[in-house]
Amino acid sequence: MTNPLADPYLILNKVYGGGAFLKQVLADTPIEEANRARTVKIVYGVMENDLYLEHCIRAFAPKNPKLPVRIVLKISVYMLAFMGKKKYMVTDNAVSLVKKLGKGGAAGFVNAFLRAFDAERVKLPDGPLAALSVKTSYPEFALARLVAAYGRETAEKIAAYRAEGVSVRFACQAEKIDGYLAGAEYEKTPFANTYIFRAFRREAGYDAGDYTFQSVGSVAIADAVQPCAAILDACAAPGGKSVLLSEKCERVTAFELHPHRAALIESYAGRMHRKNIDVVCRDSSVFDEKYAEKFDAVLVDAPCTGYGVVADDPDIKFFRRQSDIASLAETQLSILRACAGYVKKGGFLYYSTCSVFEEENDGTVGAFLAENGMFSAERAQSPLAHIDMKYGIQFLPHLSQGAGFYFCKMKRNEK
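Model, not experiment: these values are computed from the prediction. (Residues numbered from 1 in each chain as written. Predicted model: local features only at pLDDT ≥ 70, side-chain atom pairs only at ≥ 80, totals over all residues. Heavy atoms only, no water.)

Undergrad: Please clarify how the overall build of the protein should be interpreted in this entry.
TA: Helix and strand content of the protein: 18 helices and 13 strands. For a compact globule of 415 residues, the expected C-alpha radius of gyration is about 22 Å, and the protein comes in at 23 Å, within 12% of that figure. Dimensions of the protein, computed from C-alpha atoms along their principal axes, come out at roughly 75 × 50 × 35 Å. Within the span of the protein, comprising 415 residues, buried residues form 53% of the whole. When contacts within the protein are restricted to residue pairs at least 6 apart in sequence, those whose partners lie at least 24 apart make up 69%. About 18,600 Å² of surface is accessible on the protein, with carbon and sulfur atoms providing 51% of the total. Both charge centroids of the protein, one from 52 positive and one from 48 negative side chains, sit 5 Å from each other. (Helix = DSSP H or I, 4+ residues; strand = E, 2+ residues; numbered from the N terminus. Rg over C-alpha atoms; globule rule 2.2 N^0.38 Å. Buried < 20%, exposed > 50% of the residue type's maximum accessible area, 1.4 Å probe, protein only. Contact = heavy atoms within 4.5 Å. Areas by Shrake-Rupley, 256 points an atom, 1.4 Å probe, with all protein chains shown as cover. Lys, Arg positive; Asp, Glu negative; His and termini not counted. Charge placed at Lys NZ, Arg CZ, Asp CG, Glu CD.)

Written out as C-alpha cells, the structure reads:
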C-alpha cells in the first residue's frame with residue numbers, strides 16, 4: 001500500500017520549497033490516480049490551514065524543524081486534527097517517509113512529536129486578530145483590512161469561508177444539461193446554466209464544449225457587462241470571461257501580455273466553439289494609438305492579490321504579502337489609464353478584481369476618477385448577492401456563493 005503522506009509531500013514540497021502554485025503542481029505532477037481525491041483533500045487542507053499547522057508545530061516542537069520535516073509534520077497534523085486519522089497510522093507513515101527522504105536523523109523527533117501531539121492542548125495566541133489569524137489561517141494584515149472595511153463579524157465570516165463545491169457553466173442544449181444534473185447534488189446560481197456541484201468529474205463533455213469550469217464570480221462579472229458590438233477584455237487569460245462575453249457581444253478583442261497565456265485563451269475559445277474572439281498579445285498598461293476609441297466597452301479584470309478567491313486557491317494566503325497591495329494598486333491604475341483611451345464617447349469602462357480589499361477596488365477606481373473627468377461611475381446591478389460600495393459593488397465569499405469579486409461600471413462622457 002502506498003504511503004498516504006508520500007504524494008501530498010511531493011506536491012507540497014514544490015509549493016513550499018519551489019514557490020509553485022498549487023493548482024499547477026497538481027496538474028503537472030504524476031501522482032497515484034487511485035488516491036487522487038485523498039491527495040487533493042490533504043494538500044488543499046494543509047494550505048487552507050497553514051498558519052494553524054505552523055502554530056501547532058511551534059507548540060509541540062522545541063525548535064522549528066527544517067522544511068522537509070516541517071512539511072511532513074503539517075501533513076500529519078492535518079490528518080490527525082482535521083481528518084480524524086489514527087495516531088499510530090499517521091506516525092508510522094510519517095516516520096517511514098522522513099527516512100525515505102534521507103532525513104533518518106529526524107525520525108525519532110517526528111515519532112516523539114506526533115505521539116505527544118494533542119490538538120486540544122493547542123492554545124490560540126493572545127490578541128483578537130492574532131487568535132483569529134491562527135484559527136482561520138488568514139494573515140493578520142489581511143484581517144485588519146477586512147475588519148476596517150466590513151466590520152469584525154463580516155471579516156470573521158470571510159476569513160472562515162471554505163469552498164463548498166465546483167462551479168460549472170453549461171453551453172449545451174437543455175436536454176443535455178438535464179442529463180448532467182440528474183442524480184447530482186448541486187446548488188443553483190442566479191445565472192443561466194450555471195450550477196455549483198458538490199462533486200463533478202470532468203469527462204468527454206468538457207473537451208466537446210458542453211460545459212466549462214467557471215467561478216460564480218467570473219460569471220457574475222460577465223453578466224453585469226451590457227451587450228454591445230465591440231468589447232475589449234483587457235486582461236483576458238485564461239479566457240472564461242472573453243468566451244462568455246462573446247455570447248452577448250458581436251466581437252470580443254482579448255488582450256494578454258504573455259504568449260503562453262494568450263494561447264490559453266485561443267484554446268479555451270476553440271473548445272467552446274466561439275469564433276468571434278480576437279486574441280492580441282500585448283501589455284494593457286501601455287496605450288496603443290491603434291485602438292484609440294475603438295470599443296463600445298472595455299473590461300479591465302485587473303491583476304490583484306486574489307484574496308477574494310482564497311477558498312479556491314488557498315496558496316494565495318501563503319504567497320501574497322502586505323506590500324503587494326500597494327504595488328498591485330499602481331498596476332491596476334496604470335491599466336485603467338491606458339484602457340480608458342480605448343473607450344468610445346458614451347461607452348463603458350468596467351473594472352473588476354477578485355479581491356476583497358478596498359485599496360484594490362473602490363480605492364483604485366476613486367484614484368482613477370479623481371484624475372480623469374471624462375468618466376463617471378454608474379451603479380452596477382447583479383442578481384448575485386452583494387453589497388454596494390461608494391463606486392462599485394462587492395461580492396463576498398460567504399454572501400455570494402463563494403465569489404469574492406468587485407465590479408464597477410463607469411461611463412465615458414458623450415462630449
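Undergrad: How should I be thinking about the layout of surface pockets in this particular structure?
TA: Taking a probe equal in size to a water molecule and rolling it over the atoms shows the remaining empty space. What the second largest pocket holds in volume is close to 230 Å³. The wall of the second largest pocket is formed by 14 residues, among which Arg-169, Ala-192, Val-219, Leu-244 and Glu-247 lie closest to the centre. Those elements that provide at least two residues to the lining of the second largest pocket are β1 (166–170) and α13 (216–224). The element contributing the most residues to the lining of the second largest pocket is α13, with three residues. Class assignment of the residues belonging to the lining of the second largest pocket gives a composition of eight nonpolar, two polar and four charged. (1 Å grid on protein atoms, 1.4 Å probe; cavity = no way out; pocket = protein on both sides within 12 Å on 5 of 7 lines; lining within 4 Å. Points joined across faces, edges and corners; volume = space filled by probe spheres on them. Nonpolar A, V, L, I, M, F, W, Y, C, P; charged D, E, K, R; others polar.)

Undergrad: Explain the nonpolar core here, please?
TA: Soluble globular proteins: nonpolar side chains tend toward being buried together. In terms of nonpolar packing, the biggest core is built from 81 residues, with Tyr-138, Val-298, Val-300, Leu-349 and Met-410 touching the most fellow members. The contact partners of Leu-349, leaving out residues within four places of it in the chain, are Val-298, Val-300, Leu-336, Ala-340, Val-343, Phe-368, Phe-375, Cys-408, Lys-409 and Met-410. Formed by 44 residues, the second largest nonpolar core is a distinct cluster that contains Tyr-16, Cys-56, Val-77 and Val-110. (Core = buried A, V, L, I, M, F, W, Y, C linked by side-chain atoms within 4.5 Å.)

Undergrad: Mind showing me how you'd approach the pattern of salt bridges here?
TA: Pairs can form between side chains of opposite charge whenever their charged atoms are close. Under the defined criterion, the tally for this structure stands at 24 salt bridges. In this structure, the salt-bridge partner of Asp-207 is Arg-202, at a minimum N-O distance of 3.4 Å. Each of Asp-50, Glu-54, Arg-70 and Lys-74 takes part in a single network of salt bridges with overlapping partners. (Salt bridge = Lys/Arg side-chain N within 4 Å of Asp/Glu carboxyl O.)

Undergrad: So what exactly am I meant to see when it comes to the packing of helix α5 (residues 67–81) against helix α6 (residues 87–100) here?
TA: Helix-helix packing is characterised by the crossing angle of the two axes and by the distance between the axes. Between α5 and α6, whose axes approach to 10 Å, the crossing angle comes to 165°. It follows that α5 is roughly antiparallel to α6 by the angle criterion. Considering how the two elements wind past one another, α5 and α6 form a crossing that is right-handed. Facing α5, whose interface residues are Val-72, Ser-76, Met-79 and Leu-80, α6 presents Lys-87, Met-89, Val-90, Ala-94, Leu-97 and Val-98. For the contact of α5 with α6, the per-class residue count stands at eight nonpolar, one polar and one charged. (Axes fitted to C-alpha atoms, helices over the stretch in contact; angles between N-to-C directions. Parallel < 35°, antiparallel > 145°, perpendicular 65-115°, else oblique. Left-handed = near helix turned anticlockwise from the far one by under 90°.)

Undergrad: Got a minute to help me understand the environment of Gly-209 in this structure?
TA: Structurally, Gly-209 can be placed in the loop between α12 (204–207) and β4 (211–213). Accessibility expressed as a relative area gives 5% for Gly-209, which makes it buried. If near-sequence neighbours (up to four positions away) are discounted, Gly-209 is found in contact with Ala-171, Arg-271, Met-272 and His-273.

Undergrad: Sorry if this is basic, but what is going on with empty space enclosed by the protein here?
TA: Under the criterion given, the structure shown has one cavity of 30 Å³ or more. The calculated volume of the largest cavity comes to roughly 40 Å³.

Undergrad: Explanation requested: unusual backbone geometry in the structure shown.
TA: Apart from glycine, the bulk of residues carry a negative phi angle, and the bulk of peptide bonds sit in the trans form. The omega torsion of the bond from Ala-237 to Pro-238 falls at 5°, within 30 degrees of zero and hence cis. Here Pro-238 lies in the loop between β5 (230–233) and α14 (240–245). Although it is not a glycine, Ser-137 sits at a positive phi angle of roughly 55°. Within the secondary structure, Ser-137 sits in the loop between α8 (128–136) and α9 (140–150). We note that Gln-401 has phi near 55°; this positive angle belongs to a residue other than glycine. Secondary-structure assignment places Gln-401 in the loop between β12 (393–394) and β13 (406–412). A relative accessible area of 23% places Gln-401 in the partly exposed class.

Undergrad: I'm lost on the pairing of β5 in this one. Help?
TA: Regular strands place their side chains on alternate faces of the sheet. Residue alternation in β5 divides its side chains into two sets, Ala-230 and Leu-232 and Ile-231 and Asp-233, and both sets are buried. Bridge analysis of β5 against strand β6 (residues 251–256) gives four bridges, and the strand direction is parallel. Residue pairing in the sheet places Ala-230 in a bridge with Arg-251 of β6. Between the parallel elements β5 and β6, the chain passes through α14 in a crossover that is right-handed. Pairing analysis gives three bridges linking β5 to strand β8 (residues 295–301), with the strands arranged parallel. Residue pairing for β8: Ile-231 is matched across the bridge by Ala-297. (Pairing = 2+ DSSP bridges. Right-handed = clockwise from strand over helix to strand, strands pointing away.)

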